[in-house]
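Analysis of the macromolecular model
Here is what each chain is made of, one letter per residue.
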Amino acid sequence: MAPGAPHDLGTSLFRPERVAVVGASDDASKTTARPLRFLRRSGFKGTVYPVNPRRETVLGERAWSSIESLPETPDHAFVLAPTEGVPEAVATCVARGVPLVSVLAGGFGEAGEAGRAREAELTAILARSRTRLLGPNSIGIVNVNTGLVLTANAAFAEPTLPAGGLFVASHSGSMIGAILSRGLAKGIGFAGFVSTGAELDLPLGEICMATLDDPLIDAYALFLESIAHGDSIRAFALAAADRGKAVIAYKLGRSAQGAELSQSHTGAIAGEDGIADAFLKDCGIVRVETLEGLIEGAAMLRRVGPSRAKGAAKPQVAVVTTTGGGAAMVVDQLGLRDVAVVAPSAETMAALAARGVAAATGRIVDLTLAGTRPEVMKAALDTLLAAPEFDVVVAVAGSSARFQPELLVPGIVEAASGATKPLVAFVAPEAPEALARLAGAGIPCFRTPEACGDVVAAVLGRRPAKPMVPTKPATDAEAALAPPASPYQLDEAEGYAVLARLGIPVAPHAVVMSDATTSPVGYPAAVKLLSAEVLHKTELGGVVLDVRDDASLRDALIRIGQDVPLAAPEIAVDRLLVQAMVQGVGEVLLSLRWDPDAGPVVMLAAGGILAEIHRDRSLRLAPVDRDEALTMIGEVRALKALAGYRGRPKGDLDALADAVVAISRAGPEILEVEINPLIVRGEGQGVLAVDAVIRCVPMPEGVGA
């Protein structure tokens, strides 16, 4: 990132007064003509300098031959040059002292060796300057309120861009146009858009951070292809939470990191997308699964406010409708996402009757055709919104909404105006006028049951943003203190020493040589290959369980000494681990792993050799406090049995929570800790680690634990 950055990135990025369009075309049909055309159509009040060395005029305006020839230094230059010409164009802007340069062209880091060379050239140019760069491969930035439509995205040819409070930031340039067009069809207004492209210099989080103090922005929608530059996303999310500005995100699925992650149980179970999901939730960012949810969800976030009204462990929703089929679809979508749609209490049913609302008792409050009268719909909604058992009320509109929106919309809008809880609407027919009226009144409204269920579940499942922690291993953070170091793996005995230092109990064990004659820890015992080079010893024949006496011990040592060389001739079988066999009421997998973007991630999962198959897990960014640890335990379905399910013996869940907290506080020298299994013993008896894989990095003297 360029040193000596401008003090006010927000001005040059989002509120520039002087803009240069470098490479502006005189051919109105070309992509490179769009930024100038859009700026003029939108009524941008600042000064615009078209730069084209081959023409005296561009689209009827004076053209300037170069950045050097301009009468003043622009605040922002949008470089439309082809890929090969970008380094020279950026260098010229740097020489002129332009604070911010956006680059449209691609063909850099993603384009093989030649592209990486161009990227390195750009990086070197920026490193000698105070200039910041948006892109490459950025389709531009838009501020609807100032008319700054500095983009080459064709969707911004719209004759008008309705203003609103939502700022859209996207890794993908085409998606800002898709979100704009879909939002306009719903009557949603926007504050601005940015396409971040390759993020060679400015990452998405820093860009959004620069707009946070704009009073006309009250919510953010992020379209993410990855969580690269996670530290900047997290810093922005925390700052947004402090200002009461909601953030919602749609992230694409698994990435190529999955292949690397699959080297251990931890990686295979967590997956890149699982880590991304935990990262976003711990940032306080609401993650949705549908594109419509991304566009429509900000309205619900505004209604909910900083936290849920009740803070219930499992949110409860009321569904009121004039169409049973449409309501059933919403109930189904909410149920798939573990959100309970519940019947009104007897007291609430009595309150409905007292207001003249007739409805059968059930999970859905079906008003039938009577609900098409605005006064009936409003009375029902007022009553349900006042009921203490509900966190959210969903109003489902039927066929009347298509041609007679006045029968349904007024009752919903009036009820929402005085409500202290969120009221959302799903409109079953294709009813653009009804949706536009609802959106115009600030009512969260959905045209599909999937988006409705998606947003309600995501918003109600939001977690408070966690404080920042370092997001890179110490080998990066301390690069100035020591040369780069390669990770190394501990053998199991060394790993147990680390666990003991962290405060995690370990089963009794001892290191023996291959000619040992008795067990130092008694019987029954497990005998294991001891090697830092082997992740999964069982697959090599390196584990023998339930060894009962000295004769069995010698047999186990011989068997391991024969089987392992057959499977892996390069592995030495001279040192072995003898470990006391311990029993408990359950097994878990507990791990910590440094993710290059998210930072340290704690995982609790169903344990044993089938852990990868079940993928029953809970993830959090480290460190984790005790309340979070207990919540994680509750999220793993297999661990419900340890709470004494149907008379089964209770496990020591307090000790398990202590272990989760302990592993989350491992020092920066530890890249990965995986305990599988961690034996959970009976209530009050604690937990014991019986297998561990730990990878570390060398630390400079005086750094780390």
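Overview of the structure. (Residues numbered from 1 in each chain as written. Predicted model: local features only at pLDDT ≥ 70, side-chain atom pairs only at ≥ 80, totals over all residues. Heavy atoms only, no water.)

**Notes on the overall build of the chain**
The condition is simple: Under the DSSP-based scheme used, a helix requires at least four consecutive residues in state H or I and a strand at least two consecutive residues in state E, with every element numbered from the N terminus. In this scheme, a residue with accessible area under 20% of its type's maximum is buried, one over 50% is exposed, and one in between is partly exposed, where area comes from a 1.4 Å probe on protein chains only. Residue exposure ignores everything except the shown protein chains as possible cover, and the areas themselves are Shrake-Rupley values with a 1.4 Å probe.
For the chain, the helix and strand inventory stands at 23 helices and 31 strands. The proportion of buried residues among the 705 residues of the chain is 55%. With the model as given, the accessible surface of the chain reaches about 28,200 Å², and the carbon-plus-sulfur share is 52%.

**A few points about the environment of Glu430**
The cut-off we apply is this: Any pair of residues with heavy atoms lying within 4.5 Å of one another is described as a contacting pair. Identification of polar contacts relies on pairs of N or O atoms within 3.5 Å, with a donor-acceptor requirement for protein atoms, meaning one able to donate a hydrogen and the other able to accept it, and with residues adjacent in sequence counted only if both atoms are side-chain atoms.
Position of Glu430 among the secondary structure elements: in the loop between strand E19 (423–427) and helix H16 (432–440). Excluding anything up to four places from it in sequence, Glu430 contacts Arg402 and Arg447. Engagement of the side chain of Glu430 in a polar contact is seen with the side chain of Arg447, the distance being 2.9 Å.

**Side note on the packing of aromatic side chains**
We apply this condition: Only centres within 6.5 Å qualify two rings of Phe, Tyr or Trp (six-membered ring in Trp) as a pair; their planes then separate them into stacked at under 30 degrees, edge-to-face at over 60, and tilted for everything else.
Considering all chains together, one arrives at 7 aromatic pairs under this definition. Centroid distance Tyr49 to Trp64: 5.8 Å. Interplanar angle 80°. Geometry classified as edge-to-face. Remark: Trp64 occurs in the loop between strand E4 (61–62) and strand E5 (76–79) and Tyr49 occurs in strand E2 (residues 47–51); sequence separation between them is 15 residues. For the pair Tyr49 and Trp64, a shared accessibility class is recorded, and that class is buried. With centroids separated by 5.7 Å and ring planes inclined at 65°, the aromatic side chains of Phe167 and Tyr220 adopt a geometry described as edge-to-face.

**With respect to the environment of Thr160**
Structurally, Thr160 can be placed in the loop between strand E9 (148–151) and strand E10 (163–170). Thr160 gets classed as exposed once you look at its relative accessible area, which sits at 57%. As for Thr160 and Val144, which are separated by 16 residues in sequence, their C-alpha atoms are 9.5 Å apart.

**Points about the sheet that holds strand E1 (residues 18–22)**
Stated precisely, the cut-off is as follows: Paired strands are those between which DSSP finds at least two bridges. Helix axes are fitted only over the stretch in contact, all axes being lines through C-alpha atoms; the angle between N-to-C directions runs from 0 to 180 degrees.
Read across the sheet, 5 strands follow the order E2-E1-E5-E6-E7 without closing on themselves; strand pairing throughout is parallel. Of all the strands in the sheet, just E2 and strand E7 (132–134) have a single pairing partner and so form its edges. Here the strands of the sheet are splayed against their neighbours by 20° on average, with no regard to which way each runs. Relative to E2, E1 runs parallel, the two sharing 5 bridges. Counted as the bridge partner of Val22 is Val51 from E2. Relative to E2, helix H2 (residues 34–42) is tilted by about 160°, and along the sheet it contacts E1, E2 and E5.

**Digging into the sheet that holds strand E14 (residues 286–288)**
Pairing in this open sheet of 7 strands is mixed, and the strands run E9-E8-E11-E10-E12-E13-E14 from one edge to the other. Each end of this open sheet is capped by a strand with a single partner; those strands are E9 and E14. Averaged over all pairs of adjacent strands, the angle between their axes in this sheet comes to 20°, without regard to strand direction.

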